[in-house]
Amino acid sequence: MKSVTKTAAQTKSFGKKLAAKVKDGGVVCLIGELGAGKTTLVQGLAQGLGIRRRISSPTFIIARKYNHFWHIDLYRLQNKEEAEAIGIREILADPKNIVVIEWPEIIKNALPKHYWEVKISIIGETQREIEMSST
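What counts, and at which threshold
- Residues numbered from 1 in each chain as written.
- Predicted model: local features only at pLDDT ≥ 70, side-chain atom pairs only at ≥ 80, totals over all residues.
- Heavy atoms only, no water.
- Helix = DSSP H or I, 4+ residues; strand = E, 2+ residues; numbered from the N terminus.
- Buried < 20%, exposed > 50% of the residue type's maximum accessible area, 1.4 Å probe, protein only.
- Contact = heavy atoms within 4.5 Å.
- Core = buried A, V, L, I, M, F, W, Y, C linked by side-chain atoms within 4.5 Å.
- Salt bridge = Lys/Arg side-chain N within 4 Å of Asp/Glu carboxyl O.

Caption draft 1: Looking closely at the overall build of the protein chain. Secondary structure assignment for the protein chain yields 4 helices and 7 strands. Listed N to C, the secondary structure of the protein chain is β-α-β-α-β-β-α-α-β-β-β in terms of helices and strands. C-alpha extents for the protein chain along the principal axes are approximately 40 × 30 × 30 Å. Counting across all 135 residues of the protein chain, residues that qualify as buried make up 42%.

What follows is the structure, given as structure tokens:
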């Protein structure tokens, strides 16, 4: 599925729709350059799941947990061993968890067999192309 959003609000709306697909547990891998709107999409996803807390990027703390919803940003990690040190395998192994991972490339081999991949591309100042697929 491919979509173009023209505003941050539309990107959040896309995230809200994604919530219906992962509400019972699942993994979402977000791919996109810095500033593409990954955290904005996660904010919409969290809203769609009924999470009312403020969602901010976990870039400096790596992971934030909101009940069974995990927002993980691996941007600052160098390798899969560092990801394993934060307990990524245990987090992914719990079928009740909804796990959103920004910069998932370093743990590609640790991902479950089935997950959602969401690619966000900047195509204009506020426009984004979002492409979603499942494995």
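Caption draft 2: Broad picture of helix H2 (residues 38-48). Three or more residues of H2 are buried, namely Lys38, Thr39, Leu41, Val42, Gly44, Leu45 and Ala46. Buried residues belonging to H2 abut helix H1 (8-22), strand E2 (26-31), strand E4 (69-73), strand E5 (98-102), strand E6 (116-122) and strand E7 (128-134). Downstream of H2 by one or two residues, Gly50 has phi in the positive range, about 85°.

Caption draft 3: Main features of the environment of Val28. As for its position among the elements, Val28 is in strand E2. For the pair formed by Val28 and Ala46, sequence separation is 18 residues and the distance between their alpha carbons is 12 Å. When neighbours within four sequence positions are excluded, Val28 is seen to be in contact with Leu18, Val22, Val99, Val100, Ile101, Trp116 and Val118.

Caption draft 4: Looking closely at the nonpolar core. Among the nonpolar cores identified, the biggest contains 21 residues, and Leu41, Phe69 and Val118 are the most heavily contacted of them. Within the residue set of this core, elements represented by two or more residues are H1, E2, H2, E5, E6 and E7. If we skip the residues at most four places from it in the chain, Leu41 touches Thr11, Phe14, Gly15, Leu18, Leu30, Val118, Ile120 and Ile130. Ranked by size, the runner-up nonpolar core spans 17 residues in total, among them Cys29, Ile91, Val99 and Leu111.

Caption draft 5: Layout of the pattern of salt bridges. For the structure shown, the criterion picks out 4 salt bridges. Glu84 is the partner of Arg89 in a salt bridge, and the nearest nitrogen-oxygen pair spans 2.9 Å. Residue classification places Arg89 among the partly exposed residues on the basis of a relative accessible area of 43%. On the basis of relative accessibility, which here comes to 33%, the residue Glu84 falls in the partly exposed class. Residues Glu117 and Lys119 are paired through a salt bridge, measuring 3.7 Å at the closest nitrogen-oxygen approach. By relative accessible area, which is 14% here, Glu117 ends up buried. Exposure remark for Lys119: the relative accessible area of 39% places this residue in the partly exposed category.

Spatial relationships are all this shows, so hold off on functional conclusions.
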